[in-house]
Amino acid sequence: ILILAIESSCDETAAAVVKNGRQVLSNVISSQIDLHKLYGGVVPEIASRKHIEKINQVIEEALENAEVTLDDIDAIGVTYGPGLVGALLVGVAEAKAIAYAKKLPLVGVHHIEGHISANYIENLELEPPFLCLVVSGGHTHLVCVKDYGTYEILGRTRDDAAGEAFDKVARAIGLGYPGGPKIDKLSKEGDPDAIPFPRAHIEDSPYDFSFSGVKSAVLNYINGCKMKGIEYNRADIAASFQKAVTDVLVDNAMHAVKEYGLNKFAIAGGVASNSSLRAAMKQACEKNEIEFYYPSPIFCTDNAAMIGVAAYYEYINGTRHGWDLNAVPNLKLGER
Ligand code: ATP
Ligand code: MG
Ligand code: FE
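Looking at an unreviewed UniProt entry, one finds the chain named tRNA N6-adenosine threonylcarbamoyltransferase and attributed to Coprococcus comes. If you open the UniProt record of the chain and go to Catalytic activity (unreviewed entry), you find "L-threonylcarbamoyladenylate + adenosine(37) in tRNA = N(6)-L-threonylcarbamoyladenosine(37) in tRNA + AMP + H(+)". The UniProt entry for the chain carries the following comment under Subcellular location (unreviewed entry): "Cytoplasm".

Here is the structure:
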């Protein structure tokens, strides 16, 4: 089964060809980061317009790189939520047009199901059930993947997503957008124990997260230094903040792993490419004697290969969408 997958939920226009759910034949990503950087974040209207400009070219390139044509494709997979409505609509309209013209089945995919499914690409032995920590720009979910397409959300953030916190702290210390990779890099020069930023644990909800406190603590620390006329060390702030976030993510995840008695744990989403988080999770999993899975960085941030993988499992489970498929900006995980 060959799936042509399309992703346009935020600021990357992406297309991929995926064979039998695990083999990525092509993975083309056109990022708009340079465009949005000027504004310090994603501007929805600009994102939609750029998707329209790029999408045909990206799809053609994905087919070309995979050395196939539309005649070889068995189904079209597309992200239809959650995300920016205007951005999602570009991918959904494109997918519907191709599916209609080529008389192909259409499979709408949940973006976060895509992020989780990225783990299947390079870990051919990975199968549900397993636990997955999704840490992306808009989500922080601790998910029990019970089966392909069947998810139970054990915990989630009460306020900021992990990636959002990285981006906001990066902005506060003048690193620019997107902040995650820049904090990751600068942290290597800093002391993670220099500043004791808070680790929020939510009473009675051991799997929920809160990152607005640590973000505020960083802002207060910077303002305090400015008022006292003290120079602050940006690398120490970055490293200490990153450590605070990592500690909480590892604690909650390992708590869930033990409680649910699962021996497989995966991470997914843009923040899953963070080197400190990967190292800490690896160590914690080794200590608890469970298998640790993580995608390569290119499959952590937004891409269409992960959507192709998710679409394949939805497809063989019988999911088909009609011509009325619409963008659903707040789509819930597990909904169809
Ligand atoms: P969502 O998937 O929730 O809709 P999104 O698609 O915008 O949101 P992703 O593409 O999964 O999010 O990830 C982008 C986020 O990942 C950004 O917040 C970015 O700062 C963060 N990020 C990327 N690389 C790193 C890194 N090395 N360390 C920390 N954060 C990172
Ligand atoms: Mg992005
Ligand atoms: Fe994403």
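Peer 1: How would you sum up helix H6 (residues 162-172)? Please name residues and give values.
Peer 2: Here H6 lies mainly inside the structure; 8 of its 11 residues are buried. Residues Ala162, Gly163, Glu164, Ala165, Phe166, Asp167, Val169 and Ala170 constitute the buried set of H6. For H6, the elements touching its buried residues are strand S6 (130-135), strand S7 (140-147), helix H7 (179-187), helix H8 (212-228) and helix H9 (234-260).

Peer 1: Let's hear about the sheet that holds strand S3 (residues 23-31): which residues, and what values?
Peer 2: One open sheet holds the 5 strands; their spatial order is S3-S2-S1-S4-S5, and the pairing between them is mixed. Among the strands making up the open sheet, the edge pair consists of S3 and strand S5 (106-110). Within the sheet, the average angular offset between the axes of one strand and its neighbour, ignoring direction, is 20 degrees. In terms of strand pairing, strand S1 (residues 2-7) meets strand S4 (residues 75-81) through 4 bridges, oriented parallel. Counterpart to isoleucine 6 in the pairing with S4 is valine 78. Against the sheet, helix H2 (residues 44-65) contacts S1, strand S2 (12-19) and S3, and its axis sits at roughly 25 degrees relative to S2.

Peer 1: How would you summarise the environment of cysteine 132 if you had to cite specific residues and measurements?
Peer 2: Inspection of the secondary structure assignment puts cysteine 132 in strand S6. When the 27 C-beta atoms within 10 Å are taken as the criterion, cysteine 132 is described as buried. Considering only alpha carbons, one finds cysteine 132 and serine 296, 164 residues apart in sequence, at a separation of 15 Å. Residues within four places of cysteine 132 in sequence aside, it is in contact with Ile116, Val143, Val145, Ala266 and Ala268.

Peer 1: Please set out the sheet that holds strand S8 (residues 150-156) residue by residue, giving values where relevant.
Peer 2: Hydrogen bonds between backbone groups are what pair the strands of a sheet, and the pairing can be parallel or antiparallel. Pairing is mixed across the open sheet formed by 5 strands, whose spatial order is S8-S7-S6-S9-S10. Each edge of the open sheet carries a strand with a single partner, namely S8 and strand S10 (291-293). Strand-to-strand twist of the sheet, defined as the mean angle between neighbouring strand axes without regard to direction, takes the value 25 degrees. Pairing geometry for strand S9 (residues 264-268) and S10, over 3 bridges, is parallel. Residue pairing across strands places phenylalanine 265 opposite phenylalanine 292, the latter belonging to S10.

Peer 1: Help me get a handle on the site of ligand 1, residues and values and all.
Peer 2: Taken together, the neighbourhood of ligand 1 is formed by 24 residues, with Gly137, Gly138, Gly163, Gly180 and Gly270 sitting nearest. Elements with a contribution of two residues or more to the shell around ligand 1: helix H4 (111-117), H6 and H7. Looking at which element gives the most residues to the shell around ligand 1, the answer is H7, with 4 residues. Partitioning the shell around ligand 1 into residue classes produces 5 nonpolar, 16 polar and 3 charged.

Peer 1: Go over the environment of glycine 81 with me, naming the residues and quoting the values.
Peer 2: Checked against the element boundaries, glycine 81 lands in strand S4. The class for glycine 81 is buried, based on 22 C-beta atoms found within 10 Å. In the structure, glycine 81 is positioned 150 residues away from glutamate 231 in sequence and 44 Å away in space, judged by C-alpha atoms. Ignoring sequence-local partners within four residues, the contact set of glycine 81 consists of Leu88, His110, His111, Ala327, Val328, Pro329, Asn330 and Leu331.

Peer 1: An account of the UniProt feature "binding site: Fe cation" (unreviewed entry) in the chain is needed here, citing residue identities and associated values.
Peer 2: In this structure's numbering, the residues bearing the UniProt feature "binding site: Fe cation" (unreviewed entry) are His111, His115 and Asp302. These annotated residues cover 192 residues of sequence, and their C-alpha atoms all fall within 8.8 Å of one another, placing them together at a single site. Among the structural elements, histidine 111 can be located in helix H4. When neighbours within four sequence positions are excluded, histidine 111 is seen to be in contact with Ser9, Thr79, Gly81, Pro82 and Gly83. Structurally, histidine 115 is set in helix H4. Take histidine 115: there are 30 C-beta atoms within 10 Å of it, and that puts it in the buried class. If we skip the residues at most four places from it in the chain, histidine 115 touches Val134, Ser136, Ala268, Gly269 and Met306.

Cut-off values and rules
Residues numbered from 1 in each chain as written. Chains lettered and ligands numbered in written order. Predicted model: local features only at pLDDT ≥ 70, side-chain atom pairs only at ≥ 80, totals over all residues. UniProt positions renumbered as here; feature names shortened; annotations may be inferred. Buried ≥ 20, exposed ≤ 12 C-beta atoms within 10 Å, placed from the backbone. Helix = DSSP H or I, 4+ residues; strand = E, 2+ residues; numbered from the N terminus. Contact = placed C-beta atoms within 7 Å. Pairing = 2+ DSSP bridges. Axes fitted to C-alpha atoms, helices over the stretch in contact; angles between N-to-C directions. Near = placed C-beta within 6 Å. Nonpolar A, V, L, I, M, F, W, Y, C, P; charged D, E, K, R; others polar.

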